[in-house]
Structure formats: structure tokens, C-alpha cells
Amino acid sequence: MKNLPYDPLKDFIPVAALTSQPYVLVAGKRAGVATLGELIAAAKAKPGELKFGSTGPGTGTHLGIVKFNLGAGIKAVDVPPQPTDAIADIIAGTIEGHTTYLIAPISITLPLIRDGKLLPLGVTTARRSTLLPQVPTIAEAAVAGFDFPIWYGIWVPIRHSARSG
């Protein structure tokens, strides 16, 4: 946003970290990829043709995928529908025509993973998730050093904090 009446970096102070969680990179069964290595190979074979889903520019899902794409050295097209639309597109799609992959909260994808509708290719944190212990981290499977936890916290305006007096 242009011309904000505040500076988000200078006018707020962190108060508390609440929680963090891993996300999971998933693909649909019809995409024809079963591992991160296969996804990366498919993307490198067709630069700029695979599509990834996100919840919009600058969101956690978008930034996580962009970080993955950069780390893997691949180019793909962002298709930013709402998360449930992107997931439905992945389930229905093929590697040529629809969204191929996305990063989403495990809590949203877990029922579809258990039903066999989505393939979990890697979790976004440095350690495996206890909810998906069989799924490697993205760092283990393909992109060394990849670590992208989503965290939540509380920030307040500096003028209301104890530090500002």
C-alpha cells in the first residue's frame, strides 16, 4: 500500500511469539510427480510452464513457494486463487493444464493427504512434522538449507508499548 500513515517496520514492536507451524508442499496425483526431485525435473524440462498455487502475492504461501522455486532453480507461473480453489485445481489437474503444486498449512491438506487426493512432497521446516513423519523436509529431499516455518505473533504500536514510556 502506498502512503501509509505509519511505517510498519519502525512504528511497531514485537510483544510475543505465539506459535509456528510447518507447511507442506503438495501436488496432485494426476500431476505425474511423486517426489520433489521429479517435480523439479519436470519444471526444469518445461521452464515457465508449470503452475503453482498461492493465496496471493506477499502471503506466506506465495513467499514459501517463491523461496522453494529459487532454491530449486526452477521457473513456474503463479496462479493465486483462494487456497481451497488451488487445492481443488491440483486434485483435478494434470501437469500440463492446471495448478501443479502449492505450499499450504498441514491442517488444511492433511485430510486430503490421508484420502490419497494430494501427495505430500516435503514439509517446509528444518525438521519433519509429527503429523507427517514419513514426509521428508524440503531440505532433505531437494533444496539444501530450506527452512520456512510460518509463525504468528503479537505486535503493538510503539507509542503504546512499555519501551516508549
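The structure displayed is predicted, hence computed values, not measured ones.

## A few points about the sheet that holds strand S2 (residues 23-28)
By definition, the strands of a sheet pair up through backbone hydrogen bonds, in either a parallel or an antiparallel sense. Overall, mixed pairing links the five strands, which are arranged S4-S3-S5-S2-S6 in an open sheet. Two strands in the sheet have a free side with no partner beyond their single neighbour: strand S4 (77-79) and strand S6 (118-123). Across the sheet, the mean angle separating the axes of adjacent strands is 30° when strand polarity is ignored. Relative to strand S5 (residues 99-105), strand S3 (residues 51-53) is paired through three bridges, and the arrangement is parallel. What sits directly across from Phe52, in S5, is Tyr101. Here helix H2 (residues 60-72) sits on the sheet and contacts S2, S3, S4 and S5; the angle it forms with S5, its principal contact strand, is near 120°.

## Comments concerning the side chain of Thr137
Take Thr137: it is sitting in the loop between S6 and helix H5 (138-141). Assessed through its relative accessible area of 2%, Thr137 is described here as buried. Among residues more than four places away in sequence, those in contact with Thr137 are Gly122, Val123, Thr125, Ala126, Arg127 and Arg128.

## What to know about the packing of aromatic side chains
Tallied over the entire structure, the rule returns three aromatic pairs. Where Phe68 meets Tyr101, the ring centres are 6.2 Å apart and the plane angle is 70°; that geometry is what we call edge-to-face. Of this pair, Phe68 sits in helix H2 while Tyr101 is found in strand S5, placing the two residues 33 residues apart along the sequence. Both residues of the pair, Phe68 and Tyr101, belong to the buried class. One aromatic cluster is present, built from ring pairs that chain together Phe52, Phe68 and Tyr101. The positively charged end of Lys67 is found above the aromatic ring belonging to Phe146, 5.4 Å away from the centroid.

Definitions and limits used
- Residues numbered from 1 in each chain as written.
- Predicted model: local features only at pLDDT ≥ 70, side-chain atom pairs only at ≥ 80, totals over all residues.
- Heavy atoms only, no water.
- Pairing = 2+ DSSP bridges.
- Helix = DSSP H or I, 4+ residues; strand = E, 2+ residues; numbered from the N terminus.
- Axes fitted to C-alpha atoms, helices over the stretch in contact; angles between N-to-C directions.
- Contact = heavy atoms within 4.5 Å.
- Buried < 20%, exposed > 50% of the residue type's maximum accessible area, 1.4 Å probe, protein only.
- Phe/Tyr/Trp six-rings, centres within 6.5 Å; stacked < 30°, edge-to-face > 60°.
- Lys NZ or Arg CZ within 6 Å of the ring centre and 35° of its normal.

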